[in-house]
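The primary structure of each chain is shown beneath.
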Amino acid sequence: MAAQAQLSSSSAAGAAEPVVEARTTATQITRELLRSKGIAGLYKGLGATLLRDVPFSIVYFPLFANLNKLGQKDPNVKAPFYVSFLSGCVAGSTAAVAVNPCDVIKTRLQSLQRGVNEDTYSGILDCTKKIWQKEGPMAFLKGAYCRALVIAPLFGIAQVVYFIGIAEFLLDILPKHRA
């Protein structure tokens, strides 16, 4: 309200109207994709996303289980919550860095707008080849450090939430549907 009042008073005083750019919303992008590319446009990059997510899970879950097991004093008793937290952090970071090349490819394929000198790609193999040839192998690790820093606490917290049973509690309080 105050901003609108300020704009009204400044325009009344003869000041130039400020230009406000409208932001593109997810709904607008979805409509445009459906209009221009059909339902398949919504799934652009699905193969690359699966190429990243499946190996991530293959690395993360066994690594978490083994790290968490190291913190157990007795095989019949769960490891303390801080061990689950640290195991989730380490396993998440490790898996994130391990699959970062796939994440780079996925991100490039899913980009909606290209810069002036940026390549366009016809698929996963084309994208991989162009990145390797034009930027070299280290380009596949772009953003790995930041990704590891974001993923670590995310998966650590997720494991603690699982450890203390919040998910089970929430599921128990939801109304039960009778068959």
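Residues numbered from 1 in each chain as written. Predicted model: local features only at pLDDT ≥ 70, side-chain atom pairs only at ≥ 80, totals over all residues. Heavy atoms only, no water.

## Concerning the overall build of the chain
- Per the secondary structure count, the chain includes 8 helices and 0 strands.
- Moving toward the C terminus, one meets the helices and strands of the chain in the order α-α-α-α-α-α-α-α.
- Each of the 179 residues in the chain was classed as buried or not, and the buried ones make up 26%.
- A sequence separation of at least 24 residues applies to 64% of the contacts in the chain between residues at least 6 apart.
- Within the structure as shown, the chain displays about 13000 Å² of accessible surface, and the carbon and sulfur contribution to it stands at 65%. (Helix = DSSP H or I, 4+ residues; strand = E, 2+ residues; numbered from the N terminus. Buried < 20%, exposed > 50% of the residue type's maximum accessible area, 1.4 Å probe, protein only. Contact = heavy atoms within 4.5 Å. Areas by Shrake-Rupley, 256 points an atom, 1.4 Å probe, with all protein chains shown as cover.)

## Quick look at a nonpolar patch on the surface
- Taken together, the side chains of Phe-81, Tyr-82, Phe-85, Leu-86, Ile-157, Ile-164, Ile-166, Phe-169, Leu-170 and Ile-173 make up a nonpolar region of the molecular surface, amounting to roughly 980 Å² of accessible area.
- At the level of secondary structure, the elements contributing two or more residues to the nonpolar patch comprise helix H4 (81–98) and helix H8 (166–173).
- Counting through the fold element by element, Leu-170 comes out in helix H8. (Patch = residues over 30% accessible without salt bridge, like charges linked within 9 Å, V, L, I, M, F, W, Y side chains within 5 Å. Salt bridge = Lys/Arg side-chain N within 4 Å of Asp/Glu carboxyl O.)

## Details of the pattern of salt bridges
- According to the stated counting rule, one finds 8 salt bridges in the structure shown.
- Between Lys-130 and Asp-126 there is a salt bridge, and its shortest N-O distance comes to 3.3 Å. Of this pair, Lys-130 and Asp-126 both sit in helix H6 (residues 124–135), 4 residues apart, which is roughly one turn of the helix.
- Through salt bridges with shared partners, a single ionic network connects Arg-52, Asp-53, Asp-103 and Arg-147.

## Quick notes on the side chain of Ser-87
- Counting through the fold element by element, Ser-87 comes out in helix H4.
- If near-sequence neighbours (up to four positions away) are discounted, Ser-87 is found in contact with Phe-64, Leu-67 and Asn-68.

## So, the confidence of the model for the chain
- Averaged over all residues, the pLDDT of the chain is 84; the fraction at 70 or higher stands at 85%.
- Note that residues 1–11 has pLDDT below 50 and, in this model, 3 contacts with residues that lie over four places away or in other chains. (pLDDT = per-residue confidence, 0-100.)

## Here's the deal with the nonpolar core
- In terms of nonpolar packing, the biggest core is built from 9 residues, these being Ala-48, Val-104, Ile-105, Leu-109, Tyr-121, Cys-127, Ile-131, Ala-139 and Phe-140.
- With 3 residues, helix H5 (residues 100–110) is the largest single contributor of residues to this core.
- Those residues in contact with Leu-109 that lie beyond four places of it in its chain are Lys-44, Ala-48, Arg-114, Tyr-121, Gly-123, Ile-124 and Cys-127.
- Counting 8 residues, the second largest nonpolar core, distinct from the first, contains Tyr-60, Phe-64, Ala-91 and Ala-96. (Core = buried A, V, L, I, M, F, W, Y, C linked by side-chain atoms within 4.5 Å.)

## Looking at H5
- Burial runs high along H5: 8 of the 11 residues are buried.
- In this structure, the buried side of H5 is in contact with helix H3 (46–70), H4, H6 and helix H7 (144–163).

## Regarding the environment of Ile-131
- As for its position among the elements, Ile-131 is in helix H6.
- On the basis of relative accessibility, which here comes to 0%, the residue Ile-131 falls in the buried class.
- Taking C-alpha positions, Ile-131 is 9.6 Å from Arg-108, a pair spaced 23 residues apart along the chain.
- For Ile-131, the residues in contact, after removing those within four places along its chain, are Val-104, Ile-105, Arg-108, Tyr-121, Gly-136, Ala-139 and Phe-140.

## A word on the side chain of Thr-49
- Summarising the element assignment, Thr-49 is placed in helix H3.
- Setting aside residues up to four positions removed in sequence, Thr-49 forms contacts with Lys-106 and Gln-110.

## Quick look at the packing of H4 against H7
- It is at 7 Å that the axes of H4 and H7 come closest, and there the two elements cross at 145°. Crossing of H4 over H7 shows right-handed handedness. Across the interface between the two elements, Phe-81, Ser-84, Phe-85, Gly-88, Cys-89, Gly-92, Ser-93, Ala-96 and Val-97 of H4 pack against Ala-144, Arg-147, Ala-148, Ile-151, Ala-152, Pro-153, Phe-155, Gly-156, Ile-157, Gln-159, Val-160 and Phe-163 of H7.
- Class assignment for the residues of the contact of H4 with H7 results in 14 nonpolar, 6 polar and 1 charged. (Axes fitted to C-alpha atoms, helices over the stretch in contact; angles between N-to-C directions. Left-handed = near helix turned anticlockwise from the far one by under 90°. Nonpolar A, V, L, I, M, F, W, Y, C, P; charged D, E, K, R; others polar.)

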